[in-house]
Amino acid sequence: HRSSISGGGAGGDFEEHPNLLVEKEVHPRVHQNNDTTTMSALGTKLSSLSVSSNIIMSSAANFVMLSEVIAQWGALTHREKDAGYKISACGGWDFVEFHRSKISHFYYNIIDGKHLDRRLVSIALSFLKMFLTRRPAESKNFNKLAMLTSLYTAIKVHSSNIYLNGRPVVFITEVVNWSDNVFTVRDVSTMESCMLNTLDYYMNPPVGQHFLDIITPLIDDHLINPLDKQHIITISNWLCEISVMESYFTSIHPSSVAYAALLVAMDTSSAAAAGMKCWLGSLCLKNDELITSQCYERMVELYYRLDESPYDGNYRCRSPTEVVVSLGI
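About the cut-offs
- Residues numbered from 1 in each chain as written.
- Predicted model: local features only at pLDDT ≥ 70, side-chain atom pairs only at ≥ 80, totals over all residues.
- Heavy atoms only, no water.
- Helix = DSSP H or I, 4+ residues; strand = E, 2+ residues; numbered from the N terminus.
- Buried < 20%, exposed > 50% of the residue type's maximum accessible area, 1.4 Å probe, protein only.
- Areas by Shrake-Rupley, 256 points an atom, 1.4 Å probe, with all protein chains shown as cover.
- Expected span 1.5 Å × (residues − 1).
- Arc of directions from axis to C-beta.
- Contact = heavy atoms within 4.5 Å.
- Core = buried A, V, L, I, M, F, W, Y, C linked by side-chain atoms within 4.5 Å.
- Phe/Tyr/Trp six-rings, centres within 6.5 Å; stacked < 30°, edge-to-face > 60°.
- Lys NZ or Arg CZ within 6 Å of the ring centre and 35° of its normal.
- Salt bridge = Lys/Arg side-chain N within 4 Å of Asp/Glu carboxyl O.
- Axes fitted to C-alpha atoms, helices over the stretch in contact; angles between N-to-C directions.
- Parallel < 35°, antiparallel > 145°, perpendicular 65-115°, else oblique.
- Left-handed = near helix turned anticlockwise from the far one by under 90°.
- Nonpolar A, V, L, I, M, F, W, Y, C, P; charged D, E, K, R; others polar.

## Regarding the overall build of the protein
Okay, step 1: When you go through the protein residue by residue, the secondary structure sums to 16 helices and two strands.
Okay, step 2: Counting all 329 residues of the protein, 44% fall into the buried class.
Okay, step 3: Accessible area of the protein: about 18,000 Å², with a carbon and sulfur share of 54%.

Right, here's the structure in full:
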């Protein structure tokens, strides 16, 4: 699409436009008289063609962007169904689900303390869940070591600012400190190798925030005011962060979680919500409508169960760890 739009196709159309065709044989008196009326008319036509060109090229660019967004969304939905990222049901006692809230709380405290992207918590939990469903615990502390290593690996692989002032944000010795020195550097290193091999190096699990990254840049400032746009982006990401702490969303595909989060964020934004939801629906993005609807209802319940605003004094969303009590998670 890009080559056909940005190539000679559009330019060729304008070159062949009948309004720009000039007869080869022009009477000499036209040049001699310098007919200003004719020149003015031609200038007006050229000006209108220039405006039309900008509109067409702008529409073409928007079409290309929309096509790319839909393709990226489709690729992510395909990845979330990949067998390599499948999380099978555990038989008997499930360490991750039984301790999900505590694990999430622990992860968020570390991530927020280092000012890293909170989506790392979702990725780390995916690593942990995928790993433990494939590799049963071998000892009493096996699960705890896997929990610490999952976060360490997620930061190493996916953090955009892994280095701060030329130094790693997290040293392997710090992971040892997280365990109160129960484990050694060799323990963490061995577990990391074990995790990579067990997961067969499937280290890019899709999470809800990935889907939001695709859609939110498309929200046009002409559709809603900037404050409402920022509210939609902030609250939808925050709802994805909250969803990680509750087992209800474990078996739901991230695409449905992200879509539902967007709908709730739009509902809580302003009177423009109906128009924004129509716009989102017009994109025809792949998602399970029934599952998304159920996910939406659960998120609405969580949002309105809050005792206070999700925003802090600086118009930023509070950490998920600050609202788990009022949510009852």
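## Some remarks on helix α6 (residues 100-113)
Okay, step 1: Along its 14 residues, α6 runs 20 Å from first to last C-alpha, staying within 8% of the 20 Å computed at 1.5 Å per residue.
Okay, step 2: Those residues of α6 not exposed but buried are Arg100, Ile103, Ser104, Tyr107, Tyr108, Ile110 and Ile111. Projected down its long axis, α6 shows its buried positions confined to an angular sector of 165°, all on one face. Those residues of α6 that are exposed and aimed more than 90 degrees away from the buried face are Lys102 and Gly113.
Okay, step 3: The secondary structure elements touched by the buried residues of α6 are α5 (95-98), α7 (119-134), α8 (142-158), α9 (172-178) and α12 (226-243).
Okay, step 4: Trailing α6 by a residue or two, His115 shows a phi angle of about 55°, which is positive.

## With respect to the nonpolar core
Okay, step 1: Within the largest apolar cluster, 44 residues are counted, with the highest numbers of intra-cluster contacts made by Tyr107, Leu128, Phe131, Leu132 and Leu151.
Okay, step 2: For this core, the secondary structure elements donating two or more residues are α5, α6, α7, α8, α9 and α10 (185-198).
Okay, step 3: The element best represented in this core is α7, accounting for ten residues.
Okay, step 4: Once residues within four sequence positions are removed from consideration, Leu128 is found in contact with Val96, Ile103, Tyr107, Ala146, Met147 and Ser150.
Okay, step 5: Among the nonpolar cores identified, the runner-up in size contains 38 residues, and Leu212, Phe249, Ala261 and Cys295 belong to it.

## A short note on the side chain of Ser179
Okay, step 1: One can find Ser179 in the loop between α9 and α10.
Okay, step 2: Here Ser179 falls in the buried class, since its relative accessible area comes to 1%.
Okay, step 3: In contact with Ser179, other than residues within four places in its own chain, are Lys144 and Leu148.

## Overview of the packing of aromatic side chains
Where two aromatic rings form a pair, the distance of their centres and the angle of their planes describe that pair.
Okay, step 1: Under the criterion given, the structure shown has eight aromatic pairs.
Okay, step 2: Between Trp73 and Tyr259 the ring centres are 6.4 Å apart and the planes differ by 80°, which places this aromatic pair in the edge-to-face class. With Trp73 in helix α4 (residues 36-80) and Tyr259 in helix α13 (residues 254-267), this residue pair connects regions lying 186 residues apart in the sequence. When sorted by exposure, Trp73 lands in the same class as Tyr259, which is buried.
Okay, step 3: Every member of this aromatic cluster is reached through a ring pair, and the members are Trp73, Phe211 and Tyr259.
Okay, step 4: One Lys or Arg, Arg298, reaches over the ring of Tyr248 and ends 5.9 Å from the middle of that ring.

## Notes on the pattern of salt bridges
Okay, step 1: All chains considered together, the criterion is met by twelve salt bridges.
Okay, step 2: Note that Lys277 is salt-bridged to Asp267, the shortest N-O span being 3.1 Å. Of this pair, Lys277 sits in helix α14 (residues 273-282) while Asp267 sits in helix α13, placing them ten residues apart in sequence.
Okay, step 3: What makes Lys277 partly exposed here is its relative accessible area of 30%.
Okay, step 4: We classify Asp267 as partly exposed; its relative accessible area is 30%.

## So, the packing of α7 against α8
Helix packing geometry: the angle between the two helix axes and the distance between the axes.
Okay, step 1: One way to put it is that α7 packs onto α8 with a least axis distance of 8 Å and a crossing angle of 135°. The angle between the axes of α7 and α8 places the two elements in the oblique class. The handedness of the crossing between α7 and α8 comes out as right-handed. Between α7 and α8, the contacting residues are Leu120, Ile123, Ala124, Phe127, Leu128, Phe131 and Leu132 on the first element and Phe142, Asn143, Ala146, Met147, Ser150, Leu151, Thr153, Ala154, Ile155 and His158 on the second.
Okay, step 2: For the contact of α7 with α8, the residue count by class is 13 nonpolar, four polar and no charged.

## Re the environment of Lys144
Okay, step 1: Summarising the element assignment, Lys144 is placed in helix α8.
Okay, step 2: Along the backbone, Lys144 and Phe95 are 49 residues apart, and their C-alpha atoms lie at a distance of 9.5 Å.
Okay, step 3: Beyond its immediate sequence surroundings of up to four residues, Lys144 is in contact with Ser179 and Phe183.

## Details of α8
Each full turn of the α-helix corresponds to 3.6 residues, which orients residues three or four apart in the same direction.
Okay, step 1: Over its 17 residues, α8 extends 24 Å from the first C-alpha to the last, a length consistent with the 24 Å expected when each residue adds 1.5 Å.
Okay, step 2: Of all 17 residues in α8, 13 are buried, a share of seventy percent or more.

## Some words on the side chain of Ser126
Okay, step 1: Assignment of secondary structure puts Ser126 in helix α7.
Okay, step 2: Judged by relative accessible area, Ser126 falls into the buried class, the value being 14%.
Okay, step 3: The residues touching Ser126, leaving out its near neighbours within four places in the chain, are Pro205 and Val207.

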